[in-house]
Amino acid sequence: MSALEIHHLSKTFSGQTVLRDVSMTVADGEVHSLVGQNGSGKSTLIKVLAGYHEPDVGATATVRGEPLQLGSSSDAHRLNVRFVHQDLGLVNDLSITENIMLGRRYPRRRGGAIDWKAARAAARDVMTRAGSALDVRRAVGELGIADRTRVAIARALPENDDPAIIVLDEPTAALPARDVEQLFGTIRHLTRAGNAVVLVSHHLDEILGISDTITVLRDGARVDTVGVGDVDHNSLVRLIIGKELVKGSGRDEAIVRSGSPSLTIRDLSEDSVLAVSAELHPGEIVGVAGLAGSGRELVAGMVTGRLPRRGSIIIAGTEVPSGQPRAALAAGMAWISGERARYGTFTNLNLRSNLTMGDLQRHTSAGRINVQSERAEVRDWIDQLGIVTRGSDVPITSLSGGNQQKVLVARALRLTPSVLVLDDPTAGIDVGAREQVHAIISNYTTESMSVLLVSTDSDELARLCDRVLVMVRGVVTTELRRGVDLTAENIDHAQVAGAAA
Amino acid sequence: MTTTTNTTAPPTAEEAPRTPLSMRLGRFSALFLFLGFIILFGIITGDTFFTRTTWKLTFSEGVVTAMIALAFLVPLVAGVYDLSVGAMMGLSLVILNWFGVNQRGVPVALVAVMAIAICAAVGFLSGVIVVKFRVNSLIATLGMSQVLIAFQLKIANNRQITGAFAKSWARLGTRDVVGVPIVVLYLLALAIVLWFILEHTPVGRYLFAVGGNPDAARLAGLDVERLTYGSLMASATIAGLAGVIFSMKVGTYSSSTGPGLLFPALAAVFFGASQFTRRPNVWGTLVAYFALAFGVKGLQLAFGPGTFWIQPLFQGVALLIAVALASREVGETRRSRRLQREASLAAEAAAPVSIPPPGPTTSPTSTESPGGSASVDVQQ
């Protein structure tokens, strides 16, 4: 009997189909991997299975023959379908025992006190089943990432010895290469005991190394399910991308830039970024691509000083210290983050104050802000960038996401930076606003400004950039050039295929 | 006493661009409360309530506490809590008294300047603890206030100090100018300066930014550390000034004077933050403070001298109700803003020409739908 069967699973978010009639079968004792590009629907599938999302009508699922109500987290839990998410969800201040007992019932002694001895024994039991002999009294915070992952897996195991379905969502994204093998040991340990493991990962080498079966999703539909013996790296990449590689025409090479670079990144490292170097020349738009966990998501933060880093950042000849956004701004860098709410907007201030934040000098005389002149500048930006708003003094929160982002674009552009860093600038904004932001980026990139565009959106990178650096596991593995080999497909391919491309 | 904000008609899409009436009125609830007290106690105890003496007394008695409230307000704007403002005022007062008793030769004005400078230096020290040692401001200033109290007890030998000041010094705090107690004018002057700084200068704007989103403030190039230092030094300076004013007006030092003012001051600031601009602000703080002060005064007049317990009861209840209403209103505001945004998006998509706000000339085909953002979230 199969461990898990899903039939005709579709999911539509207000008219947009994210999953299209997906069916799949996971056998007992196997490692079944789920692969696909960003936006292929694998995360949505996992979320439906975990009960975060309701599927569209018509979907059915069974666990070892018993019907599973999709979209219900309690039903999934009851049928021993368990999840380990990428962020693990552990509490660092608590011990392994306490983390494992979260969501479980503590054994009690007479009078209601916790029976710690029994609790520790229970924790030790699940840790053993996850193939670990760690002291369960240790605090989770003092463990390395590999051991933390193991604790999270142990916590996911059911109390009883019944076989479970363990879903691991990107478990290796944050793992250094040497720890991946340990994790695989844990996974094999689980399958030997009769559990089924569903693995979501971007790393094809790992997928090929541990899986028994691989299901490929593309644009929300299941493309194929193959045994691991039937594919190799290249054929799997083809299944995921769905297209043959587009060969570059070899002509019209991007202009070779000379003169001094406006931004030099040298040996950038820290966290999951291992080594990134690049030079940006005036007038150039350089993209950074990479899947989740490749280190791509940290690059902009390190370059702008939001995150600590090692290695040097030189803006127009001035080396700026790590972790000091003010120094980077002073040297002529400006930035726009896709995480507006967290790093951009001040919800307690109006549109005008948000737009001019950071440089009020030009509207200040004798210590007083001249609101008239400030308002005039803001109106000018509202017209230039087509910000849809009822006025310059409305709360910033009354604007749509795309228009809020345009306000932040204006905040950066008004500084006339020599280097503009865009960190996923169109994340979470609608298609129309995305087009407009793209147009603004192209129009305002003058001969004296260079742009570093970090993005999860391959189309965006292919459209706007002169060069794109593709990151895999913390290093740049591929550089694509406009007019040579820069296409969205090639970016996707390089991200997925990794160093082997 | 807070009925003005209780009825809320859920805004529909048609009327959404405007804030509901009840909420627009809620911004002035402290003023209504003030008026309500005046009418209520005017009716109950008109003969004593409506006298020049009562009004002058209530205003001038409130000046020092109101200053403590303004001291607390400045760092609060930047999201920093300074719970040492009461003890800081006591520090300034004990320094003045000690010199008044033990060093009569030194001019009081000079001592006053020195006392304020010492307070500012202590404020800087709090800044070091908050910024350099990354101690939560609530804890840092709570600890600092205890240290300051210890220092005062030592200096004053755990005794009350009286008679330290000459009549000429006392006249600076007890005179009337064109019928208005002079201390009220001091308060007004301070309030105008702080209002100007907070609402009309870059520093004020930046303080609000740090209070609203410190991460974004740092990334926008603001010197968050310096603003934190500055706000704590400002609050200490104002608290020191409050101590000087108290020395002119009352003179007597007792160890309970400063710390006792902390609660009513905080109540006024938090109540005031729901007023006018709907964020911590100078005039909201003052109106809220004096509305509560007149309420207490009216109750005391109505129920006689045995009602010393009314003040804390009244202030505690008022604070709880005010802050509860304010949090409700924040929720309402978010909700109405969301409705506004949805309505304007719907308007953009449906008819880009006719409905305000005017839609863009290139009408976007898809609005920001939950599906759109969800699919983005899901991609990782």
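Everything below is about the structure printed above this text.
Residues numbered from 1 in each chain as written. Chains lettered and ligands numbered in written order. Predicted model: local features only at pLDDT ≥ 70, side-chain atom pairs only at ≥ 80, totals over all residues. Heavy atoms only, no water.

*Asks:* Could you give an account of the pairing of strand S22 (residues 475–481) of chain A, naming the residues involved and the relevant values?
*Replies:* Residue and element names in this part refer to chain A. Where strand S21 (residues 467–472) and S22 come together, six bridges link them in antiparallel fashion. Its bridge partner being in S22, methionine 471 is matched across the sheet by valine 476. Between S21 and S22, which follow one another and run antiparallel, lie two residues, and arginine 473 among them has a positive phi close to 50°. (Pairing = 2+ DSSP bridges. Helix = DSSP H or I, 4+ residues; strand = E, 2+ residues; numbered from the N terminus.)

*Asks:* Before we move on, can you summarise the pattern of salt bridges with the specific residues and values?
*Replies:* Residue and element names in this part refer to chain A. The tally for this structure, following the rule as stated, stands at 28 salt bridges over all chains. The salt bridge partner of glutamate 181 is arginine 188, with a shortest N-O separation of 3.6 Å. Judged by its relative accessible area of 34%, arginine 188 falls in the partly exposed class. With a shortest N-O distance of 2.9 Å, arginine 467 and glutamate 284 are connected by a salt bridge. With arginine 467 in strand S21 and glutamate 284 in the loop between strand S12 (273–280) and strand S13 (285–290), this residue pair connects regions lying 183 residues apart in the sequence. Glutamate 284 shares its class with arginine 467; the two are buried. (Salt bridge = Lys/Arg side-chain N within 4 Å of Asp/Glu carboxyl O. Buried < 20%, exposed > 50% of the residue type's maximum accessible area, 1.4 Å probe, protein only.)

*Asks:* How would you sum up the nonpolar core? Please name residues and give values.
*Replies:* By size, the foremost hydrophobic cluster in this structure holds 102 residues, and its most contacted members are Met357 of chain A together with Leu70, Met88, Met89, Leu187 and Leu222 of chain B. At 13 residues, helix H3 (residues 52–77) of chain B tops the list of elements feeding residues into this core. Sequence-distant contacts of leucine 187 of chain B, that is, excluding residues within four places in its chain, are made with Val63, Ala66, Met67, Leu70, Leu286 and Phe290 of chain B. Among the nonpolar cores identified, the runner-up in size contains 40 residues, and Ile382, Ile387, Leu420 and Val451 of chain A belong to it. (Core = buried A, V, L, I, M, F, W, Y, C linked by side-chain atoms within 4.5 Å. Contact = heavy atoms within 4.5 Å.)

*Asks:* For the packing of aromatic side chains, give the residues involved together with the corresponding values.
*Replies:* Taken as a whole and assessed by the stated rule, the structure comprises 20 aromatic pairs over all chains. Between tryptophan 55 of chain B and phenylalanine 59 of chain B, the ring centres sit 6.4 Å apart and the planes meet at 50°, which makes this aromatic pair tilted. One end of the pair is tryptophan 55 of chain B and the other is phenylalanine 59 of chain B, both in helix H3 and four residues apart, which spans about a single turn. Judged by its relative accessible area of 26%, phenylalanine 59 of chain B falls in the partly exposed class. Aromatic pair tyrosine 289 of chain B and phenylalanine 290 of chain B: ring centres 5.1 Å apart, planes at 80°, arrangement edge-to-face. Take tyrosine 289 of chain B and phenylalanine 290 of chain B: they sit in the same class, and that class is buried. Through a chain of ring-to-ring contacts, three or more aromatic side chains come together here, namely Phe34, Phe37, Phe41, Phe49, Phe50, Trp55, Phe59, Tyr289, Phe290, Phe294 and Phe314 of chain B. One residue, arginine 306 of chain A, lies across the ring of tyrosine 343 of chain A, its end atom 4.1 Å from the ring centre. (Phe/Tyr/Trp six-rings, centres within 6.5 Å; stacked < 30°, edge-to-face > 60°. Lys NZ or Arg CZ within 6 Å of the ring centre and 35° of its normal.)

*Asks:* Break down the sheet that holds strand S10 (residues 221–227) of chain A for me, citing the residues and quoting the values.
*Replies:* Residue and element names in this part refer to chain A. Within the open sheet, the six strands sit side by side as S6-S7-S8-S3-S9-S10. Their pairing is mixed. Strand pairing shows two members of the sheet lacking a second neighbour, strand S6 (81–84) and S10, which therefore form its edges. Strand-to-strand twist in this sheet, taken as the mean axis angle between neighbours without regard to direction, amounts to 20°. In terms of strand pairing, strand S9 (residues 213–218) meets S10 through six bridges, oriented antiparallel. Residue pairing in the sheet places arginine 218 in a bridge with alanine 221 of S10. Strands in contact with helix H8 (residues 233–241) are strand S3 (31–35), S9 and S10; relative to S9, the strand with the most contacts, it is inclined by about 35°. (Axes fitted to C-alpha atoms, helices over the stretch in contact; angles between N-to-C directions.)

*Asks:* So what's going on with helix H6 (residues 137–156) of chain B? Which residues, and what values?
*Replies:* Residues and elements named next belong to chain B. If you check H6, its first and last C-alpha atoms are 28 Å apart, about what 20 residues at 1.5 Å a residue would give, namely 28 Å. The set of residues buried in H6 consists of Ser137, Ala140, Thr141, Met144, Ser145, Leu148, Ile149, Gln152 and Ala156. Taken together, the buried residues of H6 touch helix H4 (85–102), helix H5 (108–131), helix H11 (224–249) and helix H12 (257–272). Phi for asparagine 157, located one or two positions after H6, is positive at around 55°. (Expected span 1.5 Å × (residues − 1).)

*Asks:* Can you tell me about the sheet that holds strand S5 (residues 66–67) of chain A, naming the residues and giving the values?
*Replies:* Residues and elements named next belong to chain A. Taking strand neighbours across the sheet as the criterion, the four strands line up as S2-S1-S4-S5 in an open arrangement whose pairing is antiparallel. Only two strands of the sheet have a single partner each, and these edge strands are strand S2 (16–27) and S5. As paired elements, strand S1 (residues 2–13) and S2 share eight bridges and run antiparallel to each other. What sits directly across from leucine 4, in S2, is valine 26.

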